[in-house]
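Topology and contacts: notes
Residue-level listing of the chains:
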Protein chains: 2
Amino acid sequence: MAKLEGKAVVAQGGGPTAVINQSLAGVVIEARKFTQVSRVYGAVNGVAGIVKEEFMDLTQETTHNLEQLARTPSSALLSTREKPDAEYCARIFKVLKAHDVRYFFYIGGNDSADTARIVNQNAEAAGYDLRCVHIPKTIDNDLVINDHTPGYPSAARFVSLAFMGVNLDNRALPGVYIAVVMGRHAGFLTAASSLGRAYDDDGPHLIYLPERPFSLERFLGDVDRVMGQHGRCVVAVSEGINDGAGEPIMTQLTKEIERDAHGNVQLSGTGALGDLLANEVRQQLKIKRVRADTFGYLQRSFAGVVSDVDQNEAREVGEKAVQFALWRDVDGSVTIHRTGNYSVDYQMTPLAEIAAKTKHMPDEFINEAGNDVTPAFYGYGRPLLGSGMHLPTRVRAPRVGKLLG
Amino acid sequence: MAKLEGKAVVAQGGGPTAVINQSLAGVVIEARKFTQVSRVYGAVNGVAGIVKEEFMDLTQETTHNLEQLARTPSSALLSTREKPDAEYCARIFKVLKAHDVRYFFYIGGNDSADTARIVNQNAEAAGYDLRCVHIPKTIDNDLVINDHTPGYPSAARFVSLAFMGVNLDNRALPGVYIAVVMGRHAGFLTAASSLGRAYDDDGPHLIYLPERPFSLERFLGDVDRVMGQHGRCVVAVSEGINDGAGEPIMTQLTKEIERDAHGNVQLSGTGALGDLLANEVRQQLKIKRVRADTFGYLQRSFAGVVSDVDQNEAREVGEKAVQFALWRDVDGSVTIHRTGNYSVDYQMTPLAEIAAKTKHMPDEFINEAGNDVTPAFYGYGRPLLGSGMHLPTRVRAPRVGKLLG
């Protein structure tokens, strides 16, 4: 078989993560080793940059700077929210062909996998040899077939450390504390709030996921019960909680709904959901100290809170993407498979099996009442957080007897 | 001079910080070395625990667990928002006297310094020998005389890393991003948003502090100008921004105002201010992608984002408090003084000079337009962030010529 010679293009799509540039560095450093790859281009702003022919020649980037980039959060090649349709994908293909691109690596979520799939179809229809490889990335952890996706472990580490801290804060100054966590359809990131618990009575005491219908009445009942039990209550809520029919709880309170190019309602970048829930607790349960935070964009791009497991895997999926395409001459999506406790392997999965599909939290990870995770989730999530996790402790000294009363 | 023999009590007041237990460990470990200290008690829930005689005997706490506690964020002895008046302070003194307490160490802000001062007056009036020492702590950094206060450097590190990340995120997916930072009267923490900038056009592009009157018109004009210049805009806003007459911008939009025991309006624990400003930008400037986050409680108790400079100093002020009280037999507040770039020294300052006073950002740290900091602030703030600060980088590869047009 003759080697497929030509250029490689790498692009990043969708929401950034803390380790998305590890995958970029993995692709570029590995691709530069192959003589049949004449150039490695980076598309600026994802697919939008491809159709506008906005490329940077990463063959002329220092290895040191690529390693520095790998440790810098958020898409170094910049990103896009554009969702290519068939016509858009045809334009992508036209540009790739004009530049004699033979390898297309797209780092992104399930929408990006779908784009890679359609571009691949265009190439096949034109009889043009083009390897299209999707490299997984999403803090939502909602790609099917994958055990988990790069970006999720670091975001999960952030969320678990955040809840570890606010739980300690809430213990020192009791009341109700509600925090809203990212995750439109999948509750994995919200579930990570549980991974910071150390003591039996540590919060979050309640966890609400998009996978279960949310009822305000049950929520208030839960908070009331926890307050009676612990005198305080820490709650983790997914931004994507809905009424069970798919209608976000969020839309029940926002007058002007902003929708993105994908037709999705804007859930992040506002404190509205947290404030609504806090007001309900304040008014219905007559609790004075009620606070609500929305973790927002900190979760996906915080500099300095990164899981080393995530860093390594994000690097490897980029490197494997090149190896699969160059050594095996196949298209597909690089998928992560857990092979032990804890070890992983990488496989090449057909694009159609990943594209535009959404994974949800499996039932075994959600408790029966739908307001917490199960111990099975701990087994799944903890190894992902990486090494050097913080361990909180409490004073264990004995109490002193009262002298006055 | 006869040595003052008896028990020591340590307590923590007000909002927690990431390093407040370093000061606790510093007090306990040092105080246990002195034979004239018969016991070291920890008051549970600050002064509220003293009046209720809720003590733990920290003489019977392992050194290992104290070291573990030192690395755990948020008041390990739990806290209180109660603000003692003269009668309350008399009750504190009564309990301390009953338990033969001769050394009282109170870790807290300017309210706590005031409490220590009044308790001290009670003891003097009663002819009872009692050393009262205030140990500084506040993420707001608003204690007078101190160059800075323990807790601030770690919170500043969190805020600067948070802005470093959201700036990269905003660069990848442009628009207007507004984040609200804690700090009721002093803008030091909001100013720390500037310390994560690496490149000339890095955000935050605008910084609004409580020290300057906030005008919605000027704010919108600023955002409009920055959008024209960079096509994106990252804004840091203090929760305490006000109209110049001391009226918080926050109160202009909230119907039900919650006030704490000190009569302060609740500013934290709600996304309302950020959402208001985002809506104004969206409506007045017709900008589509506008996001607002409120960093909230993450800033003061995040596990794992700590400045080592802060850790060391928080430990030392606790240790020095004991040394001043035991070796020099004096009351006062331990204050931090910068003696080089970067080095500090600790002094004992009379309680009345610290108590109930508030420091603000000096004029030299605020730019003329009142929408940014000056380079002088960098010189002040950067050494406090500690070692191992993240350094972001960008792709430096050359652009590729277009083939299609």
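Residues numbered from 1 in each chain as written. Chains lettered and ligands numbered in written order. Predicted model: local features only at pLDDT ≥ 70, side-chain atom pairs only at ≥ 80, totals over all residues. Heavy atoms only, no water.

1. Here's the deal with the overall build of chain A
Quick note on the threshold: Every helix listed is a DSSP run of H or I at least four residues long, and every strand listed is a run of E at least two residues long, numbered separately from the N terminus. The reference for a compact globule is 2.2 Å times residues^0.38; the radius of gyration itself is calculated from the C-alpha atoms. Only protein chains enter the calculation, and the probe is 1.4 Å; a residue is then buried if its accessible area is under 20% of its type maximum, exposed if over 50%, and partly exposed in between. Note that accessible areas follow from Shrake-Rupley with a 1.4 Å probe, and for residues the cover is restricted to the protein chains shown. For this count, His and the chain ends are skipped, Lys and Arg are scored as positive, and Asp and Glu as negative. Note on charges: their place is set at NZ of Lys, CZ of Arg, CG of Asp or CD of Glu.
Helices and strands together make up the secondary structure of chain A, namely 13 helices and 11 strands. Against the compact-globule benchmark of 22 Å for 405 residues, chain A has a radius of gyration of 23 Å, which places it among compact chains. With the principal axes as the frame, chain A shows a C-alpha extent of 90 × 45 × 35 Å. Sorting the 405 residues of chain A into buried and exposed places 65% on the buried side. Within the structure as shown, chain A displays about 14200 Å² of accessible surface, and the carbon and sulfur contribution to it stands at 47%. Averaged over its 43 positive side-chain charges, chain A has a centre that lies 5 Å from the centre of its 48 negative ones.

2. Overview of the confidence of the model for chain A
For clarity, the cut-off: The pLDDT value tells you how sure the predictor is about a given residue, anywhere from 0 up to 100.
Mean pLDDT over chain A works out to 94, with 96% of the residues at or above the 70 mark. Note on the complex model: pTM 0.96, ipTM 0.95.

3. A closer look at the interface of chain B and chain A
Just so we agree on the cut-off: We call two residues in contact when some of their heavy atoms are within 4.5 Å. Values labelled buried area give the accessible surface lost by two parts on being combined, using a 1.4 Å probe and summing over both. Only one rule defines a salt bridge in this text: a Lys or Arg side-chain nitrogen within 4 Å of an Asp or Glu carboxyl oxygen. Three classes are used: nonpolar for Ala, Val, Leu, Ile, Met, Phe, Trp, Tyr, Cys and Pro, charged for Asp, Glu, Lys and Arg, and polar for all others, with Gly counted as polar.
Between chain B and chain A, the residue contacts involve 91 residues of the former and 91 residues of the latter. Taken together, the two surfaces of chain B and chain A that pack against each other cover about 7400 Å², and 55% of this comes from carbon and sulfur. If you sort the residues of chain B by the area they bury against chain A, Glu 53, Val 395 and Val 400 of chain B come out on top, with a joint share of 9%. At the boundary of chain B and chain A, one finds six salt bridges. Between Arg 399 of chain A and Glu 54 of chain B there is a salt bridge, and its shortest N-O distance comes to 2.5 Å. When residues of the side of chain B that touches chain A are traced back to their parent elements, those giving at least two are strand S3 (55–57), helix H3 (63–70), helix H4 (86–98), helix H6 (152–172), helix H9 (272–285), strand S9 (290–294) and helix H10 (298–301) of chain B. Among the elements that make up the side of chain B that touches chain A, the one with the highest residue count is H6 of chain B (10 residues). Grouping the amino acids of the side of chain B that touches chain A by side-chain chemistry returns 39 nonpolar, 28 polar and 24 charged.

4. Quick notes on the pattern of salt bridges
For the structure on display, the rule yields 38 salt bridges over all chains. Taking the shortest distance from any N to any O, the salt bridge between Asp 147 of chain B and Arg 338 of chain B comes out at 3.0 Å. Remark: Arg 338 of chain B occurs in strand S10 (residues 332–340) and Asp 147 of chain B occurs in the loop between strand S5 (131–136) and H6; sequence separation between them is 191 residues. Judged by its relative accessible area of 24%, Arg 338 of chain B falls in the partly exposed class. Notably, a salt bridge pairs Arg 394 of chain B with Asp 201 of chain B, separated by 2.9 Å at the nearest N-O pair. Linking Arg 394 of chain B in the segment after helix H13 (375–381) with Asp 201 of chain B in the loop between helix H7 (188–191) and strand S7 (206–208), this pair joins segments that are 193 residues apart in sequence. With relative accessibility at 27%, the residue Asp 201 of chain B sits in the partly exposed group. Salt bridges sharing common partners tie together Asp 129, Arg 131, Asp 329 and Asp 331 of chain A.

5. Some thoughts on the packing of aromatic side chains
Worth spelling out the cut-off: Each Phe, Tyr or Trp ring (for Trp, its six-membered ring) is paired with any other whose centre lies within 6.5 Å, and the angle between the two planes then decides the class: stacked below 30 degrees, edge-to-face above 60, tilted in between. Each ring is checked for a lysine NZ or an arginine CZ that lies within 6 Å of its centre and within 35 degrees of its normal; such an atom marks a charge sitting over the ring.
Going through the model one piece at a time under the given rule, you end up with 33 aromatic pairs over all chains. Centroid distance Tyr 41 of chain B to Phe 55 of chain B: 5.4 Å. Interplanar angle 35°. Geometry classified as tilted. Of this pair, Tyr 41 of chain B sits in strand S2 (residues 37–43) while Phe 55 of chain B is found in strand S3, placing the two residues 14 residues apart along the sequence. Here Tyr 41 of chain B and Phe 55 of chain B have matching classes, each one buried. Ring-pair connections join several aromatic residues into one group, and the members of that group are Tyr 152, Phe 188, Phe 365, Phe 377 and Tyr 380 of chain A. One Lys or Arg, Lys 320 of chain A, reaches over the ring of Phe 324 of chain A and ends 4.9 Å from the middle of that ring. Geometry around Tyr 199 of chain B places Arg 394 of chain B over its ring, the cationic atom sitting 4.2 Å from the centre.

6. What about the sheet that holds strand S5 (residues 131–136) of chain A?
Residue and element names in this part refer to chain A. Applicable threshold: Pairs of strands are assigned from DSSP output, requiring at least two bridges between the strands. For every element, the axis is a line fit to its C-alpha atoms; helices are fit only across the contacting stretch, and the angle between N-to-C directions ranges from 0 to 180 degrees.
Strands sit in the order S3-S2-S1-S4-S5-S10-S11 across an open sheet of seven strands; the sheet is mixed. Since the sheet does not close on itself, it has two edges, and those belong to strand S3 (55–57) and strand S11 (343–349), each with one partner. Here the strands of the sheet are splayed against their neighbours by 30° on average, with no regard to which way each runs. Where S5 meets strand S10 (residues 332–340), two bridges bridge the pair, whose relative direction is parallel. Looking at S10, one finds that His 134 is bridged to Ser 333. Across the sheet, helix H11 (residues 308–328) lies against strand S2 (37–43), strand S4 (101–108), S5, S10 and S11, angled at about 40° from S11, the strand it touches most.

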